[in-house]
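Here's the letter readout for the chains.
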Amino acid sequence: MFAAERRQLILEMVRANGAVSLRELARVVQTSEVTVRRDVRALEAEGLLDRRHGGAVLPGGFTRESGFPQKSHLATAEKTAIADLAATFVEEGEAIVVGAGTTTQELARRLARVPGLTVVTNSLLVAQALAHANRVEVVMTGGTLRGSNYALVGSGAEQSLQGLRVSRAFLSGSGLTAERGLSTSNMLSSSVDRALVQAAAEVVVLADHTKLGTDTMFQTVPTDLITRLVTDEPPAHDDRAQTELQALADQGVQIAVAGATPSGNGSPGGDGGPATRRHRQDVPVPAPRRGPGLRAATALGDRDRDQPAPQERARVADMRRR
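Every residue gets a number counted from 1 within its own chain, in the order that chain's sequence is written. Whole-chain, interface and lining totals are the exception, using all residues; otherwise, since this is a predicted model, local features are given only for residues with pLDDT of at least 70 and side-chain atom pairs are given and counted only at 80 or more. With hydrogens and water set aside, each side-chain value is computed from the structure's full complement of heavy atoms.

Draft legend 1. Main features of the sheet that holds strand 2 (residues 50–52). Only when DSSP finds a minimum of two bridges between them are two strands counted as paired. Secondary structure is summarised from DSSP: a helix means a run of H or I of at least four residues, a strand means a run of E of at least two, and numbering begins at the N terminus for each. Taken in spatial order, the three strands of this open sheet run 1-3-2, and their pairing is antiparallel. Two strands lie at the open edges of the sheet, namely strand 1 (19–21) and strand 2, each paired on one side alone. The sheet shows a mean angle of 25° between the axes of neighbouring strands, taken without regard to direction. Sheet analysis places strand 1 next to strand 3 (residues 55–57), joined by three bridges and oriented antiparallel. By the bridge assignment for strand 3, Val20 is matched with Ala56. Lines fitted to the C-alpha atoms define the axes, with helices restricted to the stretch that makes contact. Angles between their N-to-C directions range from 0 to 180 degrees.

Draft legend 2. Seen up close, the nonpolar core. Definition used in this section: a nonpolar core is a set of buried Ala, Val, Leu, Ile, Met, Phe, Trp, Tyr and Cys residues joined via side-chain atoms within 4.5 Å. Burial classes: relative accessible area under 20% of the type maximum marks a residue as buried, over 50% as exposed, and values in between as partly exposed (1.4 Å probe, protein chains only). In this structure, Leu176, Val205, Leu229, Leu248 and Ile255 are the most contacted members of the largest nonpolar core, which totals 30 residues. Breaking this core down by element, the ones donating at least two residues are strand 9 (166–171), helix 9 (187–198), strand 12 (200–206), helix 10 (239–250) and strand 15 (254–258). The next biggest cluster of nonpolar side chains, apart from the first, holds 25 residues, and it includes Ala108, Val114, Val204 and Val230.

Draft legend 3. Broad picture of the pairing of strand 11 (residues 181–184). The pairing of strand 10 (residues 175–177) with strand 11 spans three bridges and is classified as antiparallel. What sits directly across from Gly175, in strand 11, is Ser183. Where strand 10 hands over to strand 11, the hairpin turn is made up of three residues, counted between the paired strands. With three bridges joining them, strand 11 and strand 13 (residues 218–221) adopt antiparallel strand pairing.

Draft legend 4. Seen up close, the side chain of Thr210. The residue Thr210 is located in the loop between strand 12 and strand 13 in this model. On the basis of relative accessibility, which here comes to 17%, the residue Thr210 falls in the buried class. For this analysis, a polar contact is any N or O atom pair within 3.5 Å, provided that within protein one partner can donate a hydrogen and the other can accept it, and provided that sequence-adjacent residues contribute only side-chain to side-chain pairs. In terms of polar contacts, Thr210 uses its side chain to reach the side chain of Asp208, at 2.2 Å.

Draft legend 5. Representation of the confidence of the model for the chain. Scored by pLDDT, the chain has a mean of 78; 74% of the residues are at 70 or more. The predictor's confidence in any single residue is recorded as pLDDT, a number from 0 to 100. Every residue pair with non-hydrogen atoms within 4.5 Å of one another is taken to be in contact. Taken as a whole, residues 68–73 scores under 50 in pLDDT and shows 14 contacts with residues more than four places along the chain or in a different chain. Ignoring residues within four places in sequence, the model shows residues 261–310, a span with pLDDT below 50, making 42 contacts including any to other chains.

Draft legend 6. Here's a closer look at a nonpolar patch on the surface. Excluding any residue in a salt bridge, patches collect residues exceeding 30% relative accessible area, merging like charges within 9 Å and nonpolar Val, Leu, Ile, Met, Phe, Trp and Tyr side chains within 5 Å. Each accessible area is a Shrake-Rupley estimate made with a 1.4 Å probe; only the visible protein chains count as cover when residues are assessed. Here a salt bridge means any side-chain nitrogen of Lys or Arg lying within 4 Å of a carboxyl oxygen belonging to Asp or Glu. Together, Leu124, Met140, Leu145 and Tyr150 make up an exposed nonpolar region whose accessible area comes to about 330 Å². Locating Met140 in the fold gives a position in strand 6 (residues 136–140). Overall, Met140 belongs to the partly exposed group, its relative accessible area being 36%.

Draft legend 7. Examining helix 9 more closely. One less than the residue count of a helix, multiplied by 1.5 Å, gives the span that helix is expected to have. Between the first and last C-alpha of helix 9 there are 17 Å, a value that for twelve residues agrees with the 16 Å anticipated at 1.5 Å per step. Listed in full, the buried residues belonging to helix 9 are Ser189, Ser190, Ser191, Val192, Asp193, Ala195, Leu196 and Val197. N-capping of helix 9 is provided by Asn186, with a side-chain oxygen placed 3.0 Å from the backbone N of Leu188.

Draft legend 8. Here's a closer look at the pairing of strand 12. Of all seven residues making up strand 12, five are buried, and the element is well covered by its neighbours. Pairing analysis gives five bridges linking strand 9 to strand 12, with the strands arranged parallel. Across the sheet, the residue bridging to Leu171 is Val205, located in strand 12. Across three bridges, the pairing between strand 12 and strand 14 (residues 228–232) is parallel. Counterpart to Val204 in the pairing with strand 14 is Arg228.

Below is the structure:
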């Protein structure tokens, strides 16, 4: 495919979807992300689109929000991995809130298997994903239906959340920066998300790497209120994403990266830099269960570390008697 043909196809994809990741563009035009990035720069120079971290959007994309049909086809593999990891932070019998979005919809599909769970949501898509889960109770907010993302918004939704208290809130958004936190392009959605945050003891943000470093109009969760970020592994060449992850970690946000594995050189994060080491360590690993006998043995070992074992003492005493 010639460069002109590639760029025309890239432009058509962005116009159809509002925003497209470089990874998806490279897959469709069957070339490398390096080549696609060069094409995107050329199209931006002509004023035909705007570059965003890890992708491209229509000009003026700072204020434009893609609808559900467009979002559902973006970064699907990343969203699946993020949802798989985020589900591990939910415990049996918990009460949580789940906001609107395609990534939170993926999370909801996995939560259907968690017994005794109560999920409060303003998303019809989340509720639909949990509708047939026998052991999950779904509580929906009131409000006015916003058709572009199938979410309930407005004063009715916000008022229904007053007085509510749950353990965790799982939210997505349009962009995430260490400076400003999570943000979205719609004012009504941001107001409901803030009400969801106020109802939760902890806030977990689900955002793929293309949203890192992107800032949109309305702030929903400031960085100091974000407990944990669940994201995917940024491409090796994406220095901006790594820098943003490090900045978020420096502000106390726990970083969990789907698919991240320690390297074989003995270092917890390999050579990926401080942010990589930090978020790989935060991926949960179930601890072994210790029974009373093991705890007692451990305590004894700490107390009598320099003393012979009881069996050894008995053997020595018997030899002395002989």
